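This is what each chain is made of:
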Amino acid sequence: MRRVIRPHLLLFLVILSFFPFSKSVDGDEYSETQNPAVLPQVTDLIHKEISNLTTVLIKDMSSMLNFCIKNVEEDLNGAFDYTDNMDFITNCIKKTKGDVTRRLCTAAEIQFYFSSLFSKGIKTGHVKVNKNCNLKSWVEGCEPGWGCFANPDQEFDLQDSNYMPIRTRDCQPCCEGFFCPKGLACMIRSYCPLATLNKSTGVCDPYNYQIPPGKSNHSCGTADIWADVGSSSDIFCSPGSYCPNTLTKVSCSEGHYCRKGSTTQITCFKLTTCNPNTSNQNIHGYGVMLFVALSLLLLIIYNFSDQVISTKERRQAKSREAAAKHVRETAQARERWKAAKEGAKKGGWQKQLTRTFSRAKSQKRAEQQASNASKSTDPELPPPQSNVSEQASKGSKEKKKEPGDLTKMLHSIEDDDHKSNEGFDLNIGGKNVKKQAPKGGKQQLHSQSQIFKYAYGQIEKEKAQQNKNLTFSGVISMATDHDIRTRPMIEIHFKDLTLTLKRNNKHLLRCVTGKLSPGRVSAVMGPSGAGKTTFLSALTGKTAAGCAVTGLILVNGKNEPIQAYRKIIGYVPQDDIVHGNLTVEENLRFSARCRLSADLPKPDKVLVIERVIESLGLQAVRDSLVGTVEKRGISGGQKKRVNVGLEMVMEPSLLILDEPTTGLDSSSSQLLLRALRREALEGVNICMVLHQPSSTLFKMFDDLILLAKGGLVAYLGPVKKLEEYFSSIGINVPDRVNPPDHLIDILEGIEKPASVTREQLPVCWMLHNGYPVPADMLDLTEGLSIASGSNPNTSGGGAGDQSFVTDMPEDSKSSVSKSKDLSNRTTPGILRQYRYFLGRVLKQRLREGQMQAVDLMILLLAGACLGILVKVTDETLDSTGYTFTVIAVSLLSMIAALRTYSLDKLEYKRETEAGISSLAHFLAKDTIDMFNVIIKPVAYLSMFYFFNNPRSSFQDNYVILMCLVYCVTGIAYVLAIAVAPSLAQLWAALVPVVLTLIANQGKDSTVQKYFGKFCYTKWALEAFVITNAERYSGVWLLTRCRSLESGGYSLNDSSLCLIVLVVYGVVARIVAFIILVTR
């Protein structure tokens, strides 16, 4: 622990140690001879002799004052370089009659003075009684500002730390450059001008001691105590002047400035104004110029921050449009060529070619044909009057003749069909997609143009396949195409699935039994509060805390956790959870990159994205921002389709959708269902919740799960057998009425059938399938005569309709698999996802450039205001200005950093549940936030430093502020993740203020003692004070030591403070990440 010392004592020791004291052999030679020639030799001799005393005291001072003095000799010599200027010794020799060294304090007297100050207290300035000054002996030298010679009969060494000589002879005022403490009767080296008597007050100014009464020959000496600037600022060299030694005071010249206590004048910066006698340079001009420059830069960022992204998007859009146009034109040309070949087989091929390629004719071809017609000897082209059969006959006879130019052109088109690397061949609807890949594999497609040509070629092929039969049955017939790529199958069995609230045992879902089969589209319907979303959540393991799930859920016939397949399971939430500051394509691309197989070639990933955009009808808005509540983007229906597309692009095997058609019109809903039907053809198991679809939309589903109030099943089976089942229990759907509308009205109680009540419908289904009826529902079976075993799932129909067979697989009793991942899909690793996240977050921040510019502008204004209003105070080493700096920078940086996680919590939750790396997400955001860590200190200091002009350097302040911003950014992460946004903002405003108040309590405060080291503000403030204190030396040593000692700071802890701030920032980030992944 640091020892508490009095600032006066510390400075006394420093000064004493700095004053060379030596034995006086010839020290009185000048006083005896008054020979000016010997004065320099005597001065040099005395200086050399007493210099040895410094080494004796440096050791003690280094151990006792190490917290405020790093290098004792350097600090002392830096303020009083008496090696170069010893005029104060020369002047003292001239005024002293005798050996000057016999008036100087020995090492023992200096140590005695220090111990006296330590025990008595810094405010008194008195020493303990001693052999020279006590009640029995009080000579004039014991008075303040006076000293006496040591008696001549004593021989002593100034370096002797044990002997205190007797001083009773020839008492005189202290020489300038020394001070004489009251009660010590010797001189100690310091900057102490001679005092003058104030006749009106009788006080020796500026030291405030009085001449002893009754002693008319007693005059004012020098100082009686070494004081800091707070106790006596008059002993410091005044502002606007510098004092090269203890006797000289020089006014600052023009172009220079001199702070208070300066020993040299400092040259002003260029472009600054420094008049004579200036205490500080006026660098406000630099601040104004920086303010204007940064303001212009921020205005540019504010208005053009997203232009970089927009330019890249336009360039990519041109490449994409060019590729699409090329593919369409190629497809059309091949269709025309195909028609031409068919026409040639039927005869009249020349007319057919002329009609087919009429739009491609040019003046050049006309001229070429005219030229060829004029050559009668040309055997390559037939006469215009010849018909097709004659030309074919002549061609067969003249085998040695070369083909004509037109024939070459037609053959070249046909040859291109087999050489094309655009994924689209002449035979529209070709079987094997892999055959469409370019030579050398899809990895050979590097440019955007090549990749887009490949993707659009495949899409045109798929369109051509569908155009063979535009009816819905024709599209379904595509399922017989064995070359369509299928995905891993996921079949879900569930039996007696029940979900109960733990607090009141209320059933949200009850006794649900059935299965979801691959390749089929199932609809979950029912009245509000029937548990439709709860059913999907229970299937996917997304139930909320406080709910108990019972029953059996099997995946592919095995009792395995559904979360083990999350990489190939898509879940579309009811709310449109999409990044509003990204475009439609950027949202889809990021989902595809992170969730598709890592070894899937880039062209295929682009193909998947383009296919989804095409199937969902998002081509027109693909480059539009999705938009947020504050900033309008695409329409609600388009946003809903983007919400679905985020899951479609990852090619799931099981796709769960919660009300995907809500907010969509009829045509958009059919477009979405057709896209989902196309997904089902690839073996995808699709289940969705929706409310009362149209009759056309309803018929596009394969199966229906109809839930009643309380989460009970009213029907679970094929759509086409729905009316048959309900007719069997006495409920007939009226003509021209949509079946789901009528049935939901019954379940709501709007329609009341005569045969059964709405409460009996779930019981009818249980009896119909032979399921056990819960005991509390047995009373509902009265009056029901439904034969069991007539399940529509098992009676009649083809095998394709049996999607809800209730028999469980043979291995359904197998234990739950302990495997963490059973999806057999290797998604990109953390590093690749980190790269993807980095690109996404960077785009988001660029689009939020206006907000970033506002943050920096507020910092600029805060720096300017504090720099102007908070003046530099030398007494406290400018700790006040730095206190406000810590509060302002912490508060503004913390509130701004809250946006990093407060605005996209839902998006993060969705991505994490889908298997995207949380670590990559966290590291990417933190990496982008390092920009703020670097630039925000510059923004603040560019104003504060040039308006406040502290003694510490810009670089030192910048490093501290950078560590501070890094620390508070980590704390902001914790607040943003742990609490709601409104509470996070409140905490972000309170934490810096409260912790700064604790840090300013002082080292003796109980709060500071127990909590100070845990406050980041304490370390930041200490770093600022230490950095500034290092600029105070010489006469400021006592002020420096007093300020550091009162705050419990140490000059040696500057690096420690920065390390602690960085460590706090790292720890805060670790805590934030733990909260992020555990919430």
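Above this text you will find the structure in question.
Model, not experiment: these values are computed from the prediction.

Draft legend 1. Highlighting the pattern of salt bridges. All chains considered together, the criterion is met by 23 salt bridges. Taking the shortest distance from any N to any O, the salt bridge between Lys640 and Asp576 comes out at 3.2 Å. Separated by 64 residues along the polypeptide, Lys640 in helix α18 (residues 636-648) and Asp576 in the loop between β16 (569-572) and α16 (584-595) bring together distant segments of the chain. Exposure remark for Asp576: the relative accessible area of 24% places this residue in the partly exposed category. Across the pair Arg910 and Glu647 runs a salt bridge, and its minimum N-O distance is 2.9 Å. Of this pair, Arg910 sits in helix α28 (residues 905-913) while Glu647 sits in helix α18; the two residues are 263 residues apart in sequence, bridging distant segments of the chain. Pair check on accessibility: Arg910 and Glu647 agree, each one buried. Through salt bridges with shared partners, a single network forms among Glu585, Arg589, Glu610 and Arg622.

Draft legend 2. Here's a closer look at empty space enclosed by the protein. Across all of its chains, the model carries 8 cavities of 30 Å³ or more by this definition. His579, Ser591, Leu646, Arg910 and Glu911 are the residues nearest the centre of the largest cavity, which is lined by 15 residues in total. At the level of secondary structure, the elements contributing two or more residues to the lining of the largest cavity comprise α16, α18 and α28. Across the lining of the largest cavity, the residue classes tally to 6 nonpolar, 3 polar and 6 charged. Here the second largest cavity defines a volume of roughly 90 Å³. What lines the second largest cavity is Ile309, Lys312, Glu313, Gln316, Arg320, Thr583, Glu585, Glu586, Arg589, Arg622, Asp623 and Lys843.

Draft legend 3. Highlighting the packing of aromatic side chains. Under the criterion given, the structure shown has 15 aromatic pairs. Measuring from ring centre to ring centre gives 5.8 Å for Phe922 and Tyr973, while their planes differ by 75°; the resulting arrangement is edge-to-face. Placement of Phe922 in helix α29 (residues 918-948) and of Tyr973 in helix α30 (residues 954-978) is noted, with a sequence separation of 51 residues between them. Comparing Phe922 with Tyr973, the two get one shared label, buried.

Draft legend 4. Structural context of the sheet that holds strand β6 (residues 203-205). Read from one edge of the open sheet, 3 strands run β5-β6-β7, paired in antiparallel fashion. Two strands bound the open sheet, and with one partner strand each, they are β5 (196-198) and β7 (209-210). Relative to β6, β5 runs antiparallel, the two sharing 3 bridges. Counterpart to Leu197 in the pairing with β6 is Cys204.

Draft legend 5. Structural detail: the state of the cysteines. Within the structure shown, the criterion is met by 5 disulfides. Disulfide pairing is shown between Cys148 and Cys171; the S-S distance is 1.8 Å. Classification of the bridge connecting Cys148 and Cys171 rests on its S-S torsion, roughly 95°, and on that basis the disulfide is right-handed. Here Cys171 lies in strand β2 (residues 167-173) and Cys148 lies in strand β1 (residues 146-150), a separation of 23 residues in the sequence. Per residue, the accessibility class of Cys148 equals that of Cys171, and both read buried. Residue pairing for Cys174: its cysteine sulfur links by disulfide to Cys180, the two sulfurs lying 1.3 Å apart. Between Cys174 and Cys180, the S-S torsion sits near 95°, and that sign places the bridge as right-handed. Judged on exposure class, the residue Cys174 and its partner Cys180 are both buried.

Draft legend 6. Up close: the nonpolar core. Residues Ile492, Phe494, Phe535, Leu706 and Phe726 are the most contacted members of the largest nonpolar core, which totals 99 residues. If near-sequence neighbours (up to four positions away) are discounted, Phe535 is found in contact with Phe494, Leu497, Leu509, Val512, Val524, Ile705 and Leu707. Judged by nonpolar contacts, the second largest core, of 72 residues, contains Cys68, Tyr940, Ile960 and Ile1075.

Draft legend 7. Representation of the sheet that holds strand β20 (residues 712-718) within the structure. The sheet built from 6 strands is open, its strands ordered β16-β17-β18-β14-β19-β20 with mixed pairing. Single-partner strands in this sheet number two, and they are β16 and β20. Across this sheet, the average inter-strand angle for adjacent strands is 10°, counted without regard to direction. With 5 bridges connecting them, strand β17 (residues 654-658) and strand β18 (residues 685-689) associate as parallel partners. Paired with Ile656 across the bridge in β18 is Cys687. In the packing of α18 onto the sheet, the strands contacted are β16 and β17, and the crossing angle to β16 comes to about 170°. Here helix α23 (residues 761-769) sits on the sheet and contacts β19 (703-708) and β20; the angle it forms with β20, its principal contact strand, is near 50°.

Draft legend 8. How the structure looks around unusual backbone geometry. Phi at Ala185 is positive, roughly 65°, even though this residue is not glycine. Since its relative accessible area comes to 0%, Ala185 is described here as buried. If you check the backbone angles, Asn505 has positive phi at about 55° while not being a glycine. By the secondary structure assignment, Asn505 is in the loop between β12 (492-501) and β13 (507-516). Asn505 gets classed as exposed once you look at its relative accessible area, which sits at 58%.

Draft legend 9. Quick peek at the side chain of Asn738. Structurally, Asn738 can be placed in the loop between α21 (722-728) and α22 (739-748). Among the residues examined, Asn738 registers a relative accessible area of 11% and is labelled buried. At 2.4 Å, the side chain of Asn738 forms a polar contact with the backbone oxygen of Pro693.

Draft legend 10. Region of the structure containing the environment of Glu1045. Within the secondary structure, Glu1045 sits in helix α34 (residues 1037-1047). Along the backbone, Glu1045 and Gly1002 are 43 residues apart, and their C-alpha atoms lie at a distance of 9.6 Å.

Draft legend 11. Just the pairing of β19, in detail. Burial runs high along β19: 6 of the 6 residues are buried. Side-chain alternation along β19 places Asp703, Ile705 and Leu707 on one buried face and Leu704, Leu706 and Ala708 on a second face that is also buried. By the bridge criterion, 4 bridges tie strand β14 (residues 521-525) to β19 in an arrangement that is parallel. In the strand pairing of β19, Met525 is matched with Leu706. A loop of 3 residues connects β19 with β20, the two strands running antiparallel in sequence, and Gly710 in this loop sits at a positive phi of about 90°.

Conventions used here
- Residues numbered from 1 in each chain as written.
- Predicted model: local features only at pLDDT ≥ 70, side-chain atom pairs only at ≥ 80, totals over all residues.
- Heavy atoms only, no water.
- Salt bridge = Lys/Arg side-chain N within 4 Å of Asp/Glu carboxyl O.
- Helix = DSSP H or I, 4+ residues; strand = E, 2+ residues; numbered from the N terminus.
- Buried < 20%, exposed > 50% of the residue type's maximum accessible area, 1.4 Å probe, protein only.
- 1 Å grid on protein atoms, 1.4 Å probe; cavity = no way out; pocket = protein on both sides within 12 Å on 5 of 7 lines; lining within 4 Å.
- Points joined across faces, edges and corners; volume = space filled by probe spheres on them.
- Nonpolar A, V, L, I, M, F, W, Y, C, P; charged D, E, K, R; others polar.
- Phe/Tyr/Trp six-rings, centres within 6.5 Å; stacked < 30°, edge-to-face > 60°.
- Pairing = 2+ DSSP bridges.
- Disulfide = S-S within 2.5 Å.
- Core = buried A, V, L, I, M, F, W, Y, C linked by side-chain atoms within 4.5 Å.
- Contact = heavy atoms within 4.5 Å.
- Axes fitted to C-alpha atoms, helices over the stretch in contact; angles between N-to-C directions.
- Polar contact = N/O pair within 3.5 Å; in protein donor to acceptor, adjacent residues only side chain to side chain.

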